[in-house]
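Here is what each chain is made of, one letter per residue.
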Amino acid sequence: MKKSYTLLITIVLISFFSYFSISILETKALRSENLTNQYLYIQAKNHMSFFKEFIKDYDLKGLNHLQIEDGFFDIYANITFEDSKYFVNLYVKAKDYDISIYEKIIKE
């Protein structure tokens, strides 16, 4: 009778600690994914800021599309000319993650 109680307590304790260890690992994995997304979002904002400043100083005559090559991000702009103004749609998208930023600027 004593062995059965010992076995039952052992099974309950193993189940209890397994549940909590899985919970802790899930939390750490989620935290790691959030940190990765946060880093990529900050990097995308930096790319957008650089690209915006680049567009402001660049001569856009005759351009419809402008792209910057990068290993982790797709950085490009679609340019339209109407009423003596350039309408520029800026896009920065992470290639392997679901991070994207869009901004529209008007250059006169």
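Report on the accompanying structure. Residue positions are given per chain, counted from 1 along the sequence in the order it is written. Where totals are concerned, whole chains, interfaces and linings use all residues; where local detail is concerned, this predicted model gives features only for residues with pLDDT of at least 70, and gives and counts side-chain atom pairs only at 80 or more. To get the side-chain values, take all heavy atoms of the structure and skip hydrogens and water.

Further remarks concern the overall build of the protein. Under the DSSP-based scheme used, a helix requires at least four consecutive residues in state H or I and a strand at least two consecutive residues in state E, with every element numbered from the N terminus. The secondary structure content of the protein amounts to one helix and four strands. Ordered by position from N to C terminus, the α and β elements of the protein give α-β-β-β-β. Each radius of gyration is computed over the set of C-alpha atoms, and the globule rule expresses the reference value as 2.2 Å times the number of residues to the power 0.38. Relative to the compact-globule value of 13 Å for 108 residues, the protein shows a C-alpha radius of gyration of 26 Å, a clear excess of over 25%. By principal-axis analysis of the C-alpha atoms, the protein measures approximately 90 × 20 × 15 Å. Burial statistics for the protein: of 108 residues in total, 22% are counted as buried. Per-residue accessibility takes into account occlusion by the displayed protein chains alone, with areas from the Shrake-Rupley method and a 1.4 Å probe. Carbon and sulfur atoms form 58% of the exposed surface of the protein, whose accessible area is close to 8,500 Å². The positive count covers Lys and Arg only, the negative count covers Asp and Glu only, and His and the chain ends enter neither. Charged groups are reduced to one reference atom each: NZ for lysine, CZ for arginine, CG for aspartic acid, CD for glutamic acid. Computed over 13 positive and 14 negative side-chain charges, the inter-centroid distance for the protein is 12 Å. Burial status follows relative accessibility: with a 1.4 Å probe on protein chains alone, a residue under 20% of its type maximum counts as buried, one over 50% as exposed, and anything between as partly exposed.

Further remarks concern the nonpolar core. By nonpolar core we mean a set of buried residues, namely Ala, Val, Leu, Ile, Met, Phe, Trp, Tyr and Cys, connected to one another through side-chain atoms within 4.5 Å. The biggest cluster of nonpolar side chains holds 19 residues, and the ones touching the most others in it are Phe51, Ile55, Phe73, Val88 and Leu90. Sequence-distant contacts of Phe51, defined by excluding residues within four places in its chain, comprise Leu66, Ile68, Ile75, Tyr76, Ala77 and Leu90. Contacts are residue-level and defined by heavy atoms, with any inter-residue pair within 4.5 Å sufficient.

Here we take up a nonpolar patch on the surface. The residues that make up patches have over 30% relative accessible area and no salt bridge, and they are joined within 9 Å when like-charged or within 5 Å when they are Val, Leu, Ile, Met, Phe, Trp or Tyr. Salt bridges are counted wherever a side-chain nitrogen of Lys or Arg sits within 4 Å of a carboxyl oxygen of Asp or Glu. A cluster of nonpolar residues, Ile9, Leu13, Phe16, Phe17, Tyr19 and Phe20, forms a patch on the protein surface that exposes about 660 Å² of accessible area. Looking at the element boundaries, Phe16 is found in helix H1 (residues 2-57). Assessed through its relative accessible area of 44%, Phe16 is described here as partly exposed.

This paragraph deals with the packing of aromatic side chains. What characterises a pair of aromatic rings is the spacing of the ring centres plus the angle enclosed by the ring planes. Here the aromatic set is Phe, Tyr and Trp, taking the six-membered ring for Trp, and pairing holds for ring centres within 6.5 Å; pairs whose planes are under 30 degrees apart are stacked, those over 60 apart are edge-to-face, and all others are tilted. Evaluation of the coordinates by the stated rule reveals eight aromatic pairs. With centroids separated by 6.2 Å and ring planes inclined at 25 degrees, the aromatic side chains of Phe50 and Phe54 adopt a geometry described as stacked. Here Phe50 pairs with Phe54, and both are found in helix H1, just four residues apart, close to one helical turn. Taken together, the ring pairs in this structure connect Phe16, Phe17, Tyr19 and Phe20 into an aromatic cluster.

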